[in-house]
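The primary structure of each chain is shown beneath.
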Amino acid sequence: MTDPRFYSPVGPLALGRLAEIAAAALAPGADPRRMFRDVAPLHLAGAEEVSFLDNRRYRAALEASRAGACVLHPDLASAAPAGMMLLLSDHPYRAYALIARAFHAPSAPKPGVAASAVIAAAAALGPDCEVGPGAVIESAAAVGARTVIGANVWIGPGVVIGEDCRIGANATLSHCLVGDRVVIHRGVCIGEDGFGFATSREGHLPVPQLGRVIIGDDVDIGANTTIDRGSGPDTVIGPGCRIDNLVQIGHNVVLGRGCVVVAQVGISGSTKVGDFVMLGGQVGIAGHLSIGDGARVAAKSGVSKDVPPGTTVSGYPAFPVKEHWRQVATLARLAKRETKGD
Amino acid sequence: MTDPRFYSPVGPLALGRLAEIAAAALAPGADPRRMFRDVAPLHLAGAEEVSFLDNRRYRAALEASRAGACVLHPDLASAAPAGMMLLLSDHPYRAYALIARAFHAPSAPKPGVAASAVIAAAAALGPDCEVGPGAVIESAAAVGARTVIGANVWIGPGVVIGEDCRIGANATLSHCLVGDRVVIHRGVCIGEDGFGFATSREGHLPVPQLGRVIIGDDVDIGANTTIDRGSGPDTVIGPGCRIDNLVQIGHNVVLGRGCVVVAQVGISGSTKVGDFVMLGGQVGIAGHLSIGDGARVAAKSGVSKDVPPGTTVSGYPAFPVKEHWRQVATLARLAKRETKGD
Amino acid sequence: MTDPRFYSPVGPLALGRLAEIAAAALAPGADPRRMFRDVAPLHLAGAEEVSFLDNRRYRAALEASRAGACVLHPDLASAAPAGMMLLLSDHPYRAYALIARAFHAPSAPKPGVAASAVIAAAAALGPDCEVGPGAVIESAAAVGARTVIGANVWIGPGVVIGEDCRIGANATLSHCLVGDRVVIHRGVCIGEDGFGFATSREGHLPVPQLGRVIIGDDVDIGANTTIDRGSGPDTVIGPGCRIDNLVQIGHNVVLGRGCVVVAQVGISGSTKVGDFVMLGGQVGIAGHLSIGDGARVAAKSGVSKDVPPGTTVSGYPAFPVKEHWRQVATLARLAKRETKGD
């Protein structure tokens, strides 16, 4: 059961309804009228909860689980304990997500502006926005309908935020245009100066950073991530991108649609990333590169050259993934041989 | 002498008392009645200050120091200048820490709630709490006795914080239960959504993140670090863990007791870390792994496999530390040979 | 044209004046009386805008550009479209910077203290400071003339900030002395406890951190970066250093003059970095090392030994850059040979 201090599942919901929501099939023995109260992980779920199995390495947890129902792939159905009702899906994680969302819809905004928020006269708030205590919205900023601005957020002059967005506490936004249904988590910093200066004997002369950050619809940006504005061109985050915590995105970077950027990645200035690219945790990408559509970069890789579309690279410096692992194996073997020869 | 703008040492304190506090032995010539006013590093300390030597590479600084007294290992006593009073300890850094703490006790909270703090009616504050300007404590949150909440902190609904904690300015906490004597530094973000979504042709469907962050007693969490809440299971930080700045801890990660996590480490989702594990700076650990009790991971390593208890690993990808360094040496030799052969 | 929601160029300005400002030469055909309204990148600039070309890989953009004028190196003048007025400079990026700064001077502070700012009675504000909503300035802090303190910033007791500084929203500063013309971007955390504790069987005993952070004139510190105060000695950032986003600087680190530290770098405690050192993105440097004047460390390198002045190192662990790339090439060749031999 989810902790009632933090979560309030709706329901109960009937198993048949959950199967519909999840586009899952009920296995024999699953009673569509049986009511469930919540979702829970396999090792915590009880008789009134729905769980899921997505990763085969947790099969033992399935066998030991007391969950009343479980979403899983048909191939794993035989491992379930007797009496557990099964929801079969070829995409069990997605099916679980739909069920969990049925119990736990995102909370609606509580329209209103906190007394301690400071909103410039020339700022425009759409209907049903929620603005938390201490939030500051500067002149000529515009916030779309039903968007939630958290406590102590700072929205700079002229910023435009779309509808149904959520801006987490202590985030700061400037020089940006944000689409609809964008989630910006706490402590995020968007639109700061890029790292631009002209170095000479007299030192580092700051170059005015005159672009913006353009954020598409349905983007999600993790806590304490920083996205600098363009230097003249814009920094662009395509629709549907998911960016994790503590990521750094430099000026003029362009991300295509639906990219996944795991925590602590750094993308240097002016690099273009295609659609549906996956960047593993702590990846670093040099500036002025092109990462093709559908490319994948393994965690902690250092990318210093263009990556062709659809390829996977790995290593520091990054190579095609098979080459990288062959290099790792080769070096391990050679080191062992040298030792034996000593 | 510490800068009086920032520090106010109590005292003076007698050398004999300091030796007691530090469980150190006075070397011949050290006068237990001699009074000292503060601690200071070797190169800055004067006649009324106590210094320490813990790292042999700073031996020259000892020889040149004018400190009135010094804590050090008996083996190094012969390097001290004539007239310096010596406190001998097999654990000189710990002995110094105890003396420094005698001069500089953590400041007591100044009980009271700033006028601009916003505390929900249904939140509960224990006795003698200090709440800074602009702090926001949401409904049903509970804060234990003598806990200090810094300026512009945001505490989400239902959060529970223990006694004698310190939450630094601009930190944000949600969906978490925090033990006693926990220090959360400035800008930390605890309890945000984990990076969970189900990817399909229709895009990345967010999966509700329904767990918590459980933080044990005596934990210390560095500035701008992010710790995501569990997806269903909890994210757990064991008692006594020390986490540095800009660390990322993913959903469902479990840290055992007394782990040390240096700056900019990233731990991916669902990885289990045992007790007293040491992770060097910028280490990355993949998801769903097990890092055994007492394991050590060298700085900047990339861990892609389980690490057995008590072992040390290094490298990217990580290998047992001796293997890694042998690989480094082997490759350096081979590259030189190839060059000569050219 | 820059987005009028965010930028207000002064002007128009005559080409001859711009050439003077930039110390650039007008190529034949460039009319010094021609007026320009703004700067813009090559692919966006129109007839009334000045652009620049600094990187040869964007030569095609020059050929296709409709910019009315362009700053570039004389060697590239022949690639410019007919009719484009050219400003010739051996340092075109610097020349462009000077022109961009002529159109876009840093905005002057708007003197005044927001109603919701909280300033201790014993704090001292110089003339013409701007203090944003929700900012907190604690007792005995001093802020120099014309310095701008952003929204929800926290300035701890005793902190000294010089003249003409800009402290971004939600930054927090304690235990520090800051020079003149320093820019501290949003979310930065300066002066927190260093990562110091004495470990024994009883656990990790915190060691009081009793130093400061000393920041020289003309330093620029990127968003969400963390700089810990010294443990007894000070942490020092030399004049003119430029530090990017999400950088971690440990206690007692010393940076010389004019260093460039790219995003996500981590510098461990007590390392000394000389003057005009360049550290690429995601570099990690171990503690207690010495990095010589003018040294360069390639992106993502892991430095575990001293780096001599004027040298460039690369790799993990870092080697002199040529050795590192020879190692990379050698390993790639050996891995291919082994494969063929299989």
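Please read all numbers here as calculations on a predicted model, not as lab measurements. (Residues numbered from 1 in each chain as written. Chains lettered and ligands numbered in written order. Predicted model: local features only at pLDDT ≥ 70, side-chain atom pairs only at ≥ 80, totals over all residues. Heavy atoms only, no water.)

Caption draft 1: Here's a closer look at the relation of the copies chain B and chain A. Aligned on chain A, chain B shows an RMSD of 0.0 Å; the corresponding rotation is 120 degrees and the shift along the axis is 0.0 Å. What we have between these two chains is a three-fold relation. A low fraction, 15%, of the interface residues of chain B reappear at the interface in chain A, so the copies pair through non-equivalent surfaces. (Least-squares fit on C-alpha atoms with pLDDT ≥ 70 in both. Contact = heavy atoms within 4.5 Å.)

Caption draft 2: Representation of the interface of chain B and chain A in the model. If you look at the interface, chain B gives 73 residues, while chain A gives 60 residues. Buried area between chain B and chain A, both sides added, is near 5,000 Å², and the carbon and sulfur share of it is 60%. When the buried surface of chain B facing chain A is broken down by residue, Phe195(B), Leu210(B) and Tyr316(B) rank first, second and third, together holding 16% of it. Joining chain B to chain A, the criterion identifies four salt bridges. The partner of Glu202(B) in a salt bridge is Arg94(A), and the shortest N-O contact between them spans 3.0 Å. There are 35 residue pairs in polar contact (both at pLDDT 80 or more) connecting chain B and chain A. Examining the composition of the side of chain B that touches chain A, we find that eight residues originate from one element, helix 4 (residues 321–341) of chain B, more than from any other. Counted by class, the side of chain B that touches chain A contains 31 nonpolar, 31 polar and 11 charged residues. (Buried area = accessible area lost by both parts, 1.4 Å probe. Salt bridge = Lys/Arg side-chain N within 4 Å of Asp/Glu carboxyl O. Polar contact = N/O pair within 3.5 Å; in protein donor to acceptor, adjacent residues only side chain to side chain. Helix = DSSP H or I, 4+ residues; strand = E, 2+ residues; numbered from the N terminus. Nonpolar A, V, L, I, M, F, W, Y, C, P; charged D, E, K, R; others polar.)

Caption draft 3: Looking closely at the interface of chain A and chain C. Across the boundary between the two partners, chain A contributes 73 residues, which contact 60 residues of chain C. Buried surface at the junction of chain A and chain C, summed over both partners, amounts to about 5,000 Å²; 60% is from carbon and sulfur atoms. Considering only the surface of chain A that becomes buried against chain C, Phe195(A), Leu210(A) and Tyr316(A) emerge as the three largest contributors, covering 16% of it. Our count for the chain A to chain C interface comes out at four salt bridges. As a salt-bridge pair, Glu192(A) and Arg186(C) come within 4.0 Å of each other at their nearest N and O atoms.

Caption draft 4: Layout of the pattern of salt bridges. Summed over all chains, the structure comprises 48 salt bridges over all chains. The closest approach of N and O atoms between Asp3(B) and Arg212(C), which form a salt bridge, is 2.9 Å. Of this pair, Asp3(B) sits in the segment before strand 1 (13–14) while Arg212(C) is found in the loop between strand 23 (203–206) and strand 24 (213–215), placing the two residues in two different chains. You can call Asp3(B) buried: its relative accessible area is 8%. Residues Glu48(B) and Arg37(B) are paired through a salt bridge, measuring 3.4 Å at the closest nitrogen-oxygen approach. With a gap of 11 residues between them, Glu48(B) in the loop between strand 4 (38–39) and strand 5 (49–52) and Arg37(B) in the loop between strand 3 (35–36) and strand 4 connect regions that are remote in the sequence. Linked through salt bridges whose partners overlap, the residues forming this network are Asp3(A), Arg5(A), Arg212(B) and Asp234(B). (Buried < 20%, exposed > 50% of the residue type's maximum accessible area, 1.4 Å probe, protein only.)

Caption draft 5: Quick peek at the relation of the copies chain A and chain C. Superposing chain A onto chain C takes a rotation of 120 degrees combined with a translation of 0.0 Å along the rotation axis, leaving an RMSD of 0.0 Å. The share of interface residues of chain A whose copies in chain C are also at the interface is only 15%, consistent with the copies meeting through different surfaces.

Caption draft 6: Main features of the environment of Asp275(B). Residues and elements named next belong to chain B. Counting through the fold element by element, Asp 275 comes out in the loop between strand 33 (272–273) and strand 34 (278–279). Looking at Asp 275, the relative accessible area reads 26%, which means it is partly exposed. Between the C-alpha atoms of Asp 275 and Cys 241, which are 34 residues apart in sequence, the distance is 9.0 Å. Non-local contacts of Asp 275, meaning those with residues more than four positions away in its chain, are made with Gly 256, Arg 257, Cys 259, Asp 293 and Gly 294.

Caption draft 7: Representation of the pairing of strand 22 (residues 197–200) of chain C within the structure. Residues and elements named next belong to chain C. Relative to strand 23, strand 22 runs antiparallel, the two being bridged by four bridges. Directly across from Thr 199, in strand 23, lies its bridge partner His 204. Between the antiparallel neighbours strand 22 and strand 23 lie two residues. (Pairing = 2+ DSSP bridges.)

Caption draft 8: Representation of helix 1 (residues 15–22) of chain A. All names here are of chain A. Residues of helix 1 that are buried include every one of Leu 15, Gly 16, Leu 18, Ala 19 and Ala 22, and no others. Around the axis of helix 1, the buried residues are gathered within 160 degrees of arc, so they sit on the same side. Ala 23 sits one or two positions beyond helix 1 and adopts a positive phi of about 50 degrees. (Arc of directions from axis to C-beta.)

Caption draft 9: Broad picture of the packing of helix 1 of chain A against helix 3 (residues 92–103) of chain A. Residues and elements named next belong to chain A. Between helix 1 and helix 3, the shortest axis-to-axis distance is 8 Å and the interhelical angle comes to 125 degrees. One finds that helix 1 runs oblique with respect to helix 3. Classified by chirality, the crossing of helix 3 by helix 1 is right-handed. Across the interface between the two elements, Leu 18, Ile 21 and Ala 22 of helix 1 pack against Ala 95, Leu 98, Ile 99, Ala 102 and Phe 103 of helix 3. Tallied by class, residues from the contact of helix 1 with helix 3 come to eight nonpolar, no polar and no charged. (Axes fitted to C-alpha atoms, helices over the stretch in contact; angles between N-to-C directions. Parallel < 35°, antiparallel > 145°, perpendicular 65-115°, else oblique. Left-handed = near helix turned anticlockwise from the far one by under 90°.)

Caption draft 10: Geometry of the side chain of His175(A). Considering the arrangement of structural elements, one finds His175(A) in the loop between strand 18 (172–173) and strand 19 (176–178). By relative accessible area, which is 17% here, His175(A) ends up buried. With residues near it in sequence (within four places) discarded, His175(A) still touches Val159(A), Gly191(A), Gly211(A), Arg212(A), Val213(A), Arg229(A), Phe6(C) and Tyr7(C).

Caption draft 11: Representation of the sheet that holds strand 7 (residues 85–88) of chain A in the model. Residue and element names in this part refer to chain A. Taken in spatial order, the five strands line up as 2-7-6-5-4 in an open sheet, and their pairing is mixed. Every interior strand has two partners, whereas the edge strands, strand 2 (25–26) and strand 4 (38–39), have only one. Inspection of the sheet shows strand 6 (residues 69–72) paired to strand 7 by four bridges, in the parallel sense. In the sheet register, Ala 69 faces strand 7, and the bridge partner there is Met 85.

Caption draft 12: Broad picture of the nonpolar core. Of all hydrophobic cores here, the largest spans 80 residues; its most connected members are Leu173(C), Ile190(C) and Leu255(C). In terms of residue count, the dominant contributor to this core is helix 3 (residues 92–103) of chain B (seven residues). The contacts of Leu255(C), once residues within four sequence positions are left out, are Val236(C), Ile237(C), Gly238(C), Cys241(C), Ile243(C), Ile249(C), Val261(C), Ile267(C), Val273(C) and Gly274(C). (Core = buried A, V, L, I, M, F, W, Y, C linked by side-chain atoms within 4.5 Å.)

Caption draft 13: Examining the environment of Thr172(C) more closely. Tracing the backbone through its elements, the reader meets Thr172(C) in strand 18 (residues 172–173). Classification of Thr172(C) as buried rests on a relative accessible area of 2%. Residues contacting Thr172(C), with those up to four places away along its chain left out, are Ala169(B), Asn170(B), Arg186(B), Trp154(C), Val188(C), Cys189(C) and Ile190(C).

Caption draft 14: Structural detail: the confidence of the model for chain A. When the pLDDT values of chain A are averaged, the result is 96; 99% of them are 70 or greater. The ipTM for the predicted assembly is 0.97, set against a pTM of 0.97. (pLDDT = per-residue confidence, 0-100.)

Caption draft 15: The packing of aromatic side chains, seen in detail. Residues and elements named next belong to chain A. With the rule as written, the count across this model stands at 12 aromatic pairs over all chains. When the ring of Phe 52 is compared with that of Tyr 96, the centres are 4.1 Å apart and the planes differ by 20 degrees; the resulting orientation is stacked. One end of the pair, Phe 52, is in strand 5 (residues 49–52); the other, Tyr 96, is in helix 3, and 44 residues separate them in sequence. An aromatic cluster is built from Phe 52, Tyr 93 and Tyr 96, whose rings are joined through pairwise contacts. (Phe/Tyr/Trp six-rings, centres within 6.5 Å; stacked < 30°, edge-to-face > 60°.)

Caption draft 16: Fine view of the sheet that holds strand 7 (residues 85–88) of chain B. The five strands are arranged 2-7-6-5-4 (chain B) in an open sheet whose pairing can be described as mixed. Edge strands, defined here as strands with exactly one partner in the open sheet, are strand 2 (25–26) and strand 4 of chain B.

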